[in-house]
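# Examining the three-dimensional arrangement
So you can see what is in the structure, the chains are spelled out below.
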Amino acid sequence: MNAMEHTTAQNCPLYRLAHARTGDKGDRSNISVIAYHAALYPLLDQQLTEAAVAAVFASRRPAAVTRYLLPKLGAMNFVLDRVLDGGVNDALNLDAHGKALAFMLLQAPIEVPAHLQHLLLQDQAGNPPAMP
Amino acid sequence: MQVLQQRLPQLKMRFDLIGAVSVFGDDAGSALAQTDPVRVAQATDVRLRAACAHADKSTAAMLLREVNALYTCGPAGGGGVRTHLRSRLNAVSCVLERTAVTTGFSFVE
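These figures come from a predicted structure and were not determined experimentally. Residue numbers here run from 1 along each chain, matching the order of that chain's written sequence. Throughout, the order in which chains and ligands are written sets their labels, letters from A for the former and numbers from 1 for the latter. Only residues with pLDDT of at least 70 get local features here, since the model is predicted, and only at 80 or more are side-chain atom pairs given and counted; chain-wide, interface and lining totals rely on the full set of residues. Hydrogen atoms and water are omitted, and side-chain values are computed over all heavy atoms in the structure.

Along the chain, the position of aspartate 26 of chain B falls in the loop between strand 1 (13-18) and helix 2 (30-34). Categorising residues by exposure relies on relative accessible area from a 1.4 Å probe, with only protein chains included: less than 20% of the type maximum marks a residue as buried, more than 50% marks it as exposed, and the intermediate range marks it as partly exposed. Positive residues here are Lys and Arg, negative ones are Asp and Glu, while His and the chain termini are left out of the count. By definition, a salt bridge exists where a carboxyl oxygen of Asp or Glu is found within 4 Å of a side-chain nitrogen of Lys or Arg. Buried within the structure, aspartate 26 of chain B lacks any salt-bridge partner; arginine 61 of chain A is the closest side chain of opposite charge, at an N-O distance of 5.7 Å. Throughout, a contact is declared for two residues whenever any of their heavy atoms are within 4.5 Å. Once you skip the residues sitting within four places of it in the chain, aspartate 26 of chain B turns out to touch Ser59, Arg60 and Asp85 of chain A together with Arg14 and Ala31 of chain B. Counting from the N terminus, the helices are DSSP H or I runs at least four residues long and the strands are E runs at least two residues long.

For the rest of this paragraph, the subject is the confidence of the model for chain B. Residue and element names in this part refer to chain B. Counting all residues, the mean pLDDT for chain B is 92, and 98% of those residues have values of 70 or more. The predictor's confidence in any single residue is recorded as pLDDT, a number from 0 to 100. Per-element averaging of pLDDT across chain B places helix 3 (residues 37-42) at the bottom with 92 and strand 1 at the top with 96. Model confidence for the complex is summarised by a pTM of 0.86, with the ipTM given as 0.82.

The partner chain A presents 16 residues to the 21 residues of chain B that form the contact. Buried area counts how much accessible surface, traced with a 1.4 Å probe, disappears from two parts once they are put together, with both parts' losses summed. Interface area, chain B with chain A, both sides summed: about 1,600 Å², of which 50% is carbon and sulfur. Across the chain B-chain A interface, the total number found is zero salt bridges. For the side of chain B that touches chain A, the elements supplying multiple residues, two or more each, are strand 1, helix 2 and strand 2 (47-52) of chain B. For the side of chain B that touches chain A, the per-class residue count stands at nine nonpolar, six polar and six charged. Classification used: nonpolar for Ala, Val, Leu, Ile, Met, Phe, Trp, Tyr, Cys and Pro, charged for Asp, Glu, Lys and Arg, polar for all others including Gly.

Residues and elements named next belong to chain B. Per the stated rule, a full pass over the model turns up six salt bridges over all chains. Among the salt bridges present, the one from arginine 14 reaches aspartate 16, with a minimum N-O distance of 2.9 Å. Like aspartate 16, arginine 14 is buried. One connected set of salt bridges, linked through shared partners, spans Arg14, Asp16, Asp27 and Arg49.

Turning our attention to the environment of arginine 65 of chain B. As for its placement among the helices and strands, arginine 65 of chain B is situated in helix 4 (residues 57-68). Sequence separation between arginine 65 of chain B and threonine 83 of chain B is 18 residues; the distance between their C-alpha atoms is 9.1 Å.

This is the structure we're talking about:
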């Protein structure tokens, strides 16, 4: 484990705190985010706001971003309107369903205070893992 | 990308720089335009993909014809050209009055 991690708050990519999965329906993307640990969930609640997610996907100009909280599951669900270039039949993206959007979101920075950093995902050598 | 845009202004094209910006990008190219050009320039394993859709098949086929010569000519860095033209069927979501839809089920033995 990196000794630096225990002294001060640090910005970490979301993928060290949570996993995520995308679904789609029409031109609407649906991204679930599930915390790896219950103690990390409040950080997501505070920092992974609708505005923060809208900023991640700014280049797609979402018509709306709505967050639904599922605190008992340590999870949240985002619904993003009009971000799929018309949807699976209309988009020219190789990833027409937008399945990769969860991985785009997992790069978002989250500030993690020192006392929670031992809960962050790390590889066997104690280093931050590569993007899953 | 610039050559295709200049020569085929009638087509709305999507570009992917696979290896730099691709599935995270959008059809309009906003994500690509906002990506740090230094980061794009530092990518060493990149393949260009161009895509378009058009109601008229022969108009869509213009993009394929435009890149066809890359089989034997032009820059070799892309590793040759592969083209594919296929028909598309689109669907759009809409909302109906509940009374306009009859629902029900039956068991089949």
